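# Per-entry structural report
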Amino acid sequence: MTYKETLDWMFAQLPMYQNKGKSAFNSKLDGIKLFVNHLNNPHTKFKSIHVAGTNGKGSSSHLLASVLQEAGYKVGLYTSPHLKDFRERIRINGSKIGEGWVVDFIKENKPFFTSNKLSFFEMTVGMAFSYFANEEVDIAVVEVGLGGRLDSTNIIKPEVSLITNIGLDHVDMLGDTIVKIAGEKAGIIKSGVPVVISEYNIETAQVFNLVAKDNNAKIIFAEDADYPNYEIGLLGSYQKKNIKGVLATLNALSGFVVTESNIVKGLIGVVDNTQLMGRWQQIGSDPIIICDTAHNKEGISLVMEQVKKQKYDELHIVIGFVKDKDINKILPLFPKKATYYYCKPKNFRGLDEKDLARSFFKAGFKGCIYDSVNKALIAAKKRAKKKDFIYVGGSNFVVAEVL
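Residues numbered from 1 in each chain as written. Predicted model: local features only at pLDDT ≥ 70, side-chain atom pairs only at ≥ 80, totals over all residues. Heavy atoms only, no water.

The next point concerns the overall build of the protein chain. Counting its secondary structure elements, the protein chain contains 17 helices and 14 strands. The C-alpha atoms of the protein chain give 21 Å as radius of gyration, which agrees with the globular expectation for 403 residues (22 Å, within 12%). Overall size of the protein chain, expressed as C-alpha extent along the three principal axes, is 55 × 50 × 40 Å. Every one of the 403 residues in the protein chain was classed for burial, and the buried ones make up 58%. Counting contacts in the protein chain only where the partners sit at least 6 residues apart, residues at least 24 apart contribute 75% of the total. About 17,500 Å² of surface is accessible on the protein chain, with carbon and sulfur atoms providing 48% of the total. Across the protein chain, 52 positive and 43 negative side-chain charges occur, with their mean positions spaced 4 Å apart. (Helix = DSSP H or I, 4+ residues; strand = E, 2+ residues; numbered from the N terminus. Rg over C-alpha atoms; globule rule 2.2 N^0.38 Å. Buried < 20%, exposed > 50% of the residue type's maximum accessible area, 1.4 Å probe, protein only. Contact = heavy atoms within 4.5 Å. Areas by Shrake-Rupley, 256 points an atom, 1.4 Å probe, with all protein chains shown as cover. Lys, Arg positive; Asp, Glu negative; His and termini not counted. Charge placed at Lys NZ, Arg CZ, Asp CG, Glu CD.)

Right under this line is the structure:
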């Protein structure tokens, strides 16, 4: 099979949350344990940092990887979802896994996938861990896909665990309260492994303290620490919330030498070092066009605060969501003084643009409906003047179509 044929087979044959939502969520670790045993346990052959959280876990993972690269280490990075190419999920020192490696891995293990009915998550995690072990990385930064306790990545015993924050997202799978979701995220806390919490919350802190105590794991609340104000290569003031957790994780990481210079260069050079996309990313000027992958209540709230800080004459918002999003809870976060361009991303889970617009219209918002993200953005560009501001977001899938 060619690379494209391999990807087509992967996406067609295996449940994948990115396309299918809850039906792809496999609430047990049996499959991944069976698979890594088949692969001769690659996850035991490299050191790692495990990163979970509702928001900020992707950015934090990239920042950690960037600093460790600057320190001279060979760093694996596993993140999800991808925006443009599947290979974005698996990198070493910023370089994506080779197409040939993906093709060969699927070909070699296809009979196992078929007979054991592995999920997309399990297959991809096994591929990443095999790649990191084969390439002999010094350390891998591994981002949790969904939740923590039952996520396929949760078979590693890391050097440090990082939990960024807790918000109400994926409540149909992780629980409908902050405390329940914290319990799922706390599932990555391992015996004797220090755990860092980026953002303190009195409700979730109780959960984390209890699980850490049960596991004899040192717990570090990063908000309590004093750190210098570093310049970050990611735009968006909300990124400051991630920095303390990243710095505390690096401090808790033993056996690796990281200097002040490494930190400074790693934080400012994160985009070049790790090729991170979609975080308050500017994709146009005159007018300025910004896209961001924020897609839940907490994330959108932070991004809309950032939008308010911009200087512009008129605001234009190109927006689309997935079907399982509770639009009524997110609506109050958006400014009414803006022109909206309602659209549907090209994905099975995309929310119909007419249904989206209907919800916004009922709440007193204005705007027009478009049957594609591209048409919506073109319309926004045509209408906007040079001193206006265009924001594109609501879903990873919307952002993926404009990059």
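Once that is clear, we can look at the side chain of Asn262. The topology assignment puts Asn262 in helix H11 (residues 260–268). Within the structure, Asn262 has its side chain in polar contact with the backbone oxygen of Glu70 (distance 3.2 Å). The residues touching Asn262, leaving out its near neighbours within four places in the chain, are Val67, Glu70, Ala71 and Val257. (Polar contact = N/O pair within 3.5 Å; in protein donor to acceptor, adjacent residues only side chain to side chain.)

This brings us to the environment of His50. Following the sequence through the fold, His50 ends up in strand E1 (residues 47–52). Sequence-wise, His50 and Val160 are 110 residues apart; in three dimensions their C-alpha atoms are separated by 6.6 Å. Those residues in contact with His50 that lie beyond four places of it in its chain are Val142, Val144, Thr153, Asn154, Ile156, Pro158, Val160, Ser161, Leu162, Ile188 and Lys190. A polar contact of 2.8 Å, which involves the side chain of His50, links it to the side chain of Thr153.

Taken as a whole and assessed by the stated rule, the structure comprises 27 aromatic pairs. Consider the rings of Tyr340 and Tyr342, whose centres lie 5.9 Å apart with planes at 10°: the pair is stacked. When sorted by exposure, Tyr340 lands in the same class as Tyr342, which is buried. An aromatic cluster is defined as three or more aromatic residues linked by ring pairs; in this entry it consists of Trp9, Phe35, Phe46, Trp101, Phe105, Phe112, Phe113, Phe129, Tyr131 and Phe132. The ring of Phe348 has Lys323 sitting right over it, with the charged end atom 5.0 Å from the ring centre. Geometry around Phe365 places Lys336 over its ring, the cationic atom sitting 5.6 Å from the centre. (Phe/Tyr/Trp six-rings, centres within 6.5 Å; stacked < 30°, edge-to-face > 60°. Lys NZ or Arg CZ within 6 Å of the ring centre and 35° of its normal.)

Here helix H9 (residues 202–214) spans 19 Å end to end across 13 residues, near enough to the 18 Å set by a 1.5 Å rise per residue. Restricting attention to buried positions, one finds in H9 the residues Thr204, Ala205, Val207, Phe208 and Ala212. For H9, the angular spread of the buried residues around the axis is 160°, confining them to a single face. Counted as exposed and oriented over 90 degrees from the buried face of H9: Ile202, Gln206, Leu210, Lys213 and Asp214. Turning to H9, the residues buried within the fold contact strand E6 (160–163), helix H8 (178–185), strand E7 (195–197) and strand E8 (219–221). For H9, the side-chain oxygen to backbone nitrogen distance between the N-cap and Glu203 is 2.8 Å, and the N-cap itself is Asn201. At the C-terminal side of H9, Asn216 shows a positive phi close to 50°. (Expected span 1.5 Å × (residues − 1). Arc of directions from axis to C-beta.)

The next thing to look at is the nonpolar core. One finds Met10, Phe129 and Phe132 to be the most contacted residues of the largest nonpolar core, which totals 36 residues. Of all the secondary structure elements, the ones that give two or more residues to this core are helix H1 (3–13), helix H3 (30–38), strand E3 (90–92), helix H5 (99–116), helix H6 (120–134) and strand E5 (139–143). With nine residues, the single largest contributor to this core is H6. Sequence-distant contacts of Phe129, defined by excluding residues within four places in its chain, comprise Pro42, His43, Phe46, Val142, Thr153, Ile155 and Ile156. Leu68, Ala222, Ile243 and Leu250 belong to the second largest nonpolar core, which has 31 residues in total. (Core = buried A, V, L, I, M, F, W, Y, C linked by side-chain atoms within 4.5 Å.)

Let's shift gears to the sheet that holds strand E9 (residues 281–284). Sheet strands pair via backbone hydrogen bonds, and the direction of the pair is either parallel or antiparallel. The strand order across the open sheet formed by six strands is E9-E10-E14-E11-E12-E13, and the pairing between neighbours is mixed. A strand with exactly one partner marks an edge of an open sheet, and here the two such strands are E9 and strand E13 (367–369). Averaged over all pairs of adjacent strands, the angle between strand axes in this sheet comes to 20°, irrespective of strand direction. Bridge count between E9 and strand E10 (residues 288–291): three bridges; the pairing is antiparallel. Residue pairing in the sheet places Gln282 in a bridge with Ile290 of E10. Docked against the sheet, helix H16 (residues 373–383) engages E10, strand E11 (315–319), strand E12 (339–342) and strand E14 (389–393), running at close to 155° with respect to E12. (Pairing = 2+ DSSP bridges. Axes fitted to C-alpha atoms, helices over the stretch in contact; angles between N-to-C directions.)

Let us now look at the pattern of salt bridges. Under the criterion given, the structure shown has nine salt bridges. Salt-bridge contacts for Glu353 lead to Lys354; the nearest nitrogen and oxygen are separated by 3.9 Å. Here the residues in one salt-bridge network are Asp85, Arg87 and Lys96, joined through shared partners. (Salt bridge = Lys/Arg side-chain N within 4 Å of Asp/Glu carboxyl O.)

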